[in-house]
Amino acid sequence: MPTMPESANQMPFVCKWLYSHPEPQQFKTQEELKNHINKHDINSCNRLSLEDPIYICPWEGCNKRQSSIIKLEEHLYRHIRQRPFKAIPKK
Ligand SMILES: [Zn+2]
Ligand SMILES: [Zn+2]
């Protein structure tokens, strides 16, 4: 019989840094996800403009702009604390 990977529910931490991998990557623990994120080159999010460096969040569907790499990092950590299977707040 076809086996659904049981791991699906056990991998609640997801990286959606889709510039670097076309598919979201899943992790069991936040620690693993953090280690993974640290391997991404956050500098590649820098969209140079003549006046201000703008860092654009690489997360799928986000595209928020941050004015510094520090802010982008803080912002990214907000993403990785989200659990994808959390109930979506109703309007
Ligand atoms: Zn990733
Ligand atoms: Zn974002």
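Definitions and limits used
Residues numbered from 1 in each chain as written. Chains lettered and ligands numbered in written order. Predicted model: local features only at pLDDT ≥ 70, side-chain atom pairs only at ≥ 80, totals over all residues. Helix = DSSP H or I, 4+ residues; strand = E, 2+ residues; numbered from the N terminus. Buried ≥ 20, exposed ≤ 12 C-beta atoms within 10 Å, placed from the backbone. Contact = placed C-beta atoms within 7 Å. Pairing = 2+ DSSP bridges. pLDDT = per-residue confidence, 0-100. Core = buried A, V, L, I, M, F, W, Y, C linked by C-beta atoms within 7 Å.

### Topic: the overall build of the chain
- In terms of regular secondary structure, the chain is built from 3 helices and 5 strands.
- For the chain, the N- to C-terminal ordering of α and β elements is α-β-β-α-β-β-β-α.
- Classification of the 91 residues of the chain by burial places 13% in the buried group.
- Put simply, 29% of the contacts in the chain that link residues at least 6 apart link residues at least 24 apart.

### Re the environment of Gln 26
- With respect to the helices and strands, the residue Gln 26 is situated in strand 2 (residues 25–27).
- Separated by 16 residues in sequence, Gln 26 and Gln 10 have C-alpha atoms that sit 9.2 Å apart.

### Thoughts on the pairing of strand 4 (residues 53–56)
- Note that strand 3 (residues 46–48) and strand 4 share 3 bridges and pair antiparallel. Paired with Leu 48 across the two strands is Pro 53, which belongs to strand 4.
- In terms of strand pairing, strand 4 meets strand 5 (residues 65–66) through 2 bridges, oriented antiparallel. Bridge assignment links Tyr 55 to a residue of strand 5, and that residue is Gln 66.

### Quick look at the confidence of the model for the chain
- Averaged over all residues, the pLDDT of the chain equals 83, while 77% of them reach at least 70.
- When pLDDT is averaged over each helix and strand of the chain, the minimum, 59, is found for helix 1 (residues 7–10) and the maximum, 94, for helix 2 (residues 30–39).

### Details of the environment of His 75
- With respect to the element layout, His 75 can be found in helix 3 (residues 69–81).
- Classification of His 75 by C-beta neighbours within 10 Å gives partly exposed; the count is 16.
- Counting along the chain gives 10 residues from His 75 to Arg 65, while the straight-line C-alpha distance between them is 9.7 Å.
- Setting aside residues up to four positions removed in sequence, His 75 forms contacts with Cys 57, Lys 64 and Gln 66.

### Here's the deal with the sheet that holds strand 3
- The strand order across the open sheet formed by 3 strands is 3-4-5, and the pairing between neighbours is antiparallel. Edge strands, defined here as strands with exactly one partner in the open sheet, are strand 3 and strand 5.

### A closer look at unusual backbone geometry
- Even without glycine at this site, Asn 63 takes up a positive phi of about 60°.
- Here Asn 63 shows up in the loop between strand 4 and strand 5.

### Looking at the nonpolar core
- In this structure, Phe 13, Cys 15, Trp 17, Leu 33, Ile 37, Cys 45, Tyr 55, Cys 57, Trp 59, Leu 72 and Leu 76 together form the largest nonpolar core, which totals 11 residues.
- Only strand 1 (13–15), helix 2 and helix 3 provide two or more residues apiece to this core.
- Beyond its immediate sequence surroundings of up to four residues, Phe 13 is in contact with Gln 26, Phe 27, Thr 29, Gln 30, Glu 32, Leu 33 and Ile 80.

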